[in-house]
Amino acid sequence: PPAECSPGAFAATPGLSQCERCKPGTTSGAGSVSCDECTAGTYATNPGQGECTLCPNPLSSGRCDVTCSICKEGYYLKDSSADPDDIFKNPTKYCKDCPPNAECSRNTTVATMRVSRDFWRGSSRTTELYRCYDSDACRGSTKGSASSRRRLEVEGDDEGAEPEPEPEPEPEPE
């Protein structure tokens with residue numbers, strides 16, 4: 001029979017009397033004959049790790065990852081060119097709260113941030129959102145709509161623009 005292996009190791013070959021350590025990004029329970037991938041939101045840096053480690057807040061990971069270097073749902077990655085080790089060491093420097101009226105699923109960056117209906121932004125490089133006052137011209141980018149892309153092309157890059165003020169309510173007739 002295969003050897004009785006400790007967590008983080010396995011004996012997959014019948015008759016194998018020696019245990020092998022699981023690769024980074026995987027783990028196993030005691031007596032396993034194979035290793036399991038770490039699930040999204042967990043990681044295993046070292047070979048032979050007995051269990052996957054939960055990512056620190058506000059980080060997440062993909063399946064079978066050896067570190068946490070993406071932001072979890074509700075956050076966006078401020079600098080997508082950042083080194084994964086730096087992101088892991090300084091998560092709050094890189095993962096920022098999703099702005100109001102935006103949608104940030106797991107692994108969102110500034111460029112991939114989705115904008116709620118009736119809002120727009122000047123470019124995919126900014127998190128500054130603006131309310132739409134002409135709903136036919138601006139339908140949000142919830143599904144990457146063509147109207148939002150046209151709006152960006154027509155408007156150009158409004159990265160430094162100020163949000164439009166809310167319209168004043170009409171005075172009541174006396």
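Nothing here was measured: the structure is a model prediction, and the numbers come from that model. (Residues numbered from 1 in each chain as written. Predicted model: local features only at pLDDT ≥ 70, side-chain atom pairs only at ≥ 80, totals over all residues. Heavy atoms only, no water.)

A.B. asks: Now, about the confidence of the model for the chain: what can you tell me, with residues and values included?
C.D. replies: Averaged over the chain, the pLDDT score is 81; the fraction of residues at 70 or greater is 72%. Segment residues 140-167 is flagged for pLDDT under 50; beyond a separation of four residues in sequence, or across chains, it makes 45 contacts in the model. (pLDDT = per-residue confidence, 0-100. Contact = heavy atoms within 4.5 Å.)

A.B. asks: Requested: an account of the environment of Asp36, with residues and values cited.
C.D. replies: Mapped onto the fold, Asp36 is located in strand β4 (residues 36-37). Given a relative accessible area of 48%, Asp36 falls into the partly exposed group. Residues Asp36 and Cys22 lie 14 residues apart in sequence; the distance between their C-alpha atoms is 8.5 Å. (Helix = DSSP H or I, 4+ residues; strand = E, 2+ residues; numbered from the N terminus. Buried < 20%, exposed > 50% of the residue type's maximum accessible area, 1.4 Å probe, protein only.)

A.B. asks: Describe in detail the environment of Pro56, supporting the description with residues and values.
C.D. replies: With respect to the helices, strands and loops of the structure, Pro56 is situated in the loop between β6 (53-54) and β7 (59-60). According to the relative accessible area criterion, Pro56 is partly exposed, its value standing at 30%. Separated by 12 residues in the primary sequence, Pro56 and Cys68 place their C-alpha atoms 7.9 Å from one another. Discounting chain neighbours no more than four positions away, the residues touching Pro56 are Cys68 and Phe88.

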